[in-house]
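Breakdown of the fold
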Amino acid sequence: FYRTASILQWIGFDVPENPSADVHGHADALPFSDESFDTILCTEVLEHVSEPGVVAAELFRVLVPGGHVILTAPQYFPVHEEPHDFYRYTPYGLRYLFQKPGFEIVSVKPLVTGLRVASIAVNACFYDAGDKLPGGRTKIGRGLFTPFYVISNAVGFALSPLLPDEKNAANIALIARKPVRG
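Presented here is an overview of the structure given in this document. In this convention, every chain numbers its residues from 1, walking through the sequence in written order. Totals for whole chains, interfaces and linings use every residue, but because this is a predicted model, local features are given only for residues with pLDDT of at least 70 and side-chain atom pairs only at 80 or more, for both listing and counting. Side-chain figures throughout are based on the complete set of non-hydrogen atoms in the structure, without hydrogens or water.

Observations concerning the pairing of strand S6 (residues 63–74)
This is how the line gets drawn: For two strands to be treated as a pair, DSSP must find at least two bridges joining them. Where helices and strands are cited, they refer to DSSP runs of H or I of at least four residues and of E of at least two residues respectively, numbered from the N terminus. Place the viewer so that the strands point away; then a crossover is right-handed whenever the path from the first strand over the helix to the second strand goes clockwise.
In this sheet, S6 lies alongside strand S5 (residues 37–43) in parallel orientation, the contact comprising 6 bridges. Across the sheet, residue Thr 43 finds its bridge partner in S6, namely Thr 72. Taking the sense of rotation as the criterion, the β-α-β connection linking S5, helix H1 (residues 52–62) and S6 turns out right-handed. One ladder, built from 7 bridges, connects S6 with strand S8 (residues 169–177); its direction is antiparallel. Paired with Pro 74 across the bridge in S8 is Asn 171.

See below:
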């Protein structure tokens, strides 16, 4: 989010391959002035950058004092967007990464926990298996695996409350604040 003359504005930023973004570039060299943003929403980006500490420092640089970054990053997820898939994060790793440039950590919370993580793994295996079958990428090929996805998700959702486990999480959400000077 960017504030100009008390008007709140949303700016979409992504790599050049995404034609829908308002501004293109890379997260390790943001094309914005210092202290430009009140809030930054950064979802599922950090696993795709080779130097996440540089990205954390860039987010710190472009936030106004008192501004917040809201971020999610995977703790578990299959390899994707090869060869640009570098890391997975624990709550402790994200906390460390964002405290280093000077952020105050507001909250760190695991998302999609317990047996729902197992559902993601099962679904990914069926999805990958489908890719190896003739016609596996077609709608019919994908449709053949729909019952497995439905069963896997139903079991994961039903049993997760019975066997809670926040150490196993698909994603971690972090909210951090740039301190106000003085």
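The discussion continues.
Notes on the pairing of S8
Here is the rule: Buried means the residue's accessible area, taken with a 1.4 Å probe over protein chains only, is under 20% of the maximum for its type, while exposed means over 50%, and partly exposed covers the values in between.
Along S8, 7 of the 9 residues are buried, which leaves the element largely enclosed by surrounding structure. By the bridge criterion, 8 bridges tie strand S7 (residues 104–113) to S8 in an arrangement that is antiparallel. If you follow Val 108 over to S8, its bridge partner there is Leu 174.

Describing the pattern of salt bridges
Selection rule: Within this document, salt bridges are pairs made up of a side-chain nitrogen of Lys or Arg and a carboxyl oxygen of Asp or Glu, the two lying within 4 Å of each other.
By the definition in use, this model includes 6 salt bridges. Between Arg 61 and Asp 34 there is a salt bridge, with its nearest N and O atoms 2.7 Å apart. Here Asp 34 lies in the loop between strand S4 (23–24) and S5 and Arg 61 lies in helix H1, a separation of 27 residues in the sequence. On the basis of relative accessible area, Asp 34 is assigned to the exposed category, the value being 54%. Among the residues examined, Arg 61 registers a relative accessible area of 22% and is labelled partly exposed.

Some details on the environment of Ala 21
Inclusion rule: In what follows, residue pairs with any heavy atoms lying within 4.5 Å of each other are defined as contacts.
Mapped onto the secondary structure, Ala 21 falls in the loop between strand S3 (13–14) and S4. When its relative accessible area of 12% is taken as the criterion, Ala 21 is described as buried. C-alpha of Ala 21 to C-alpha of Ile 11: the two residues are 10 residues apart in sequence and 8.0 Å apart in space. When residues no more than four places from it in sequence are discounted, the contact partners of Ala 21 are Gly 12, Phe 13 and Asp 14.

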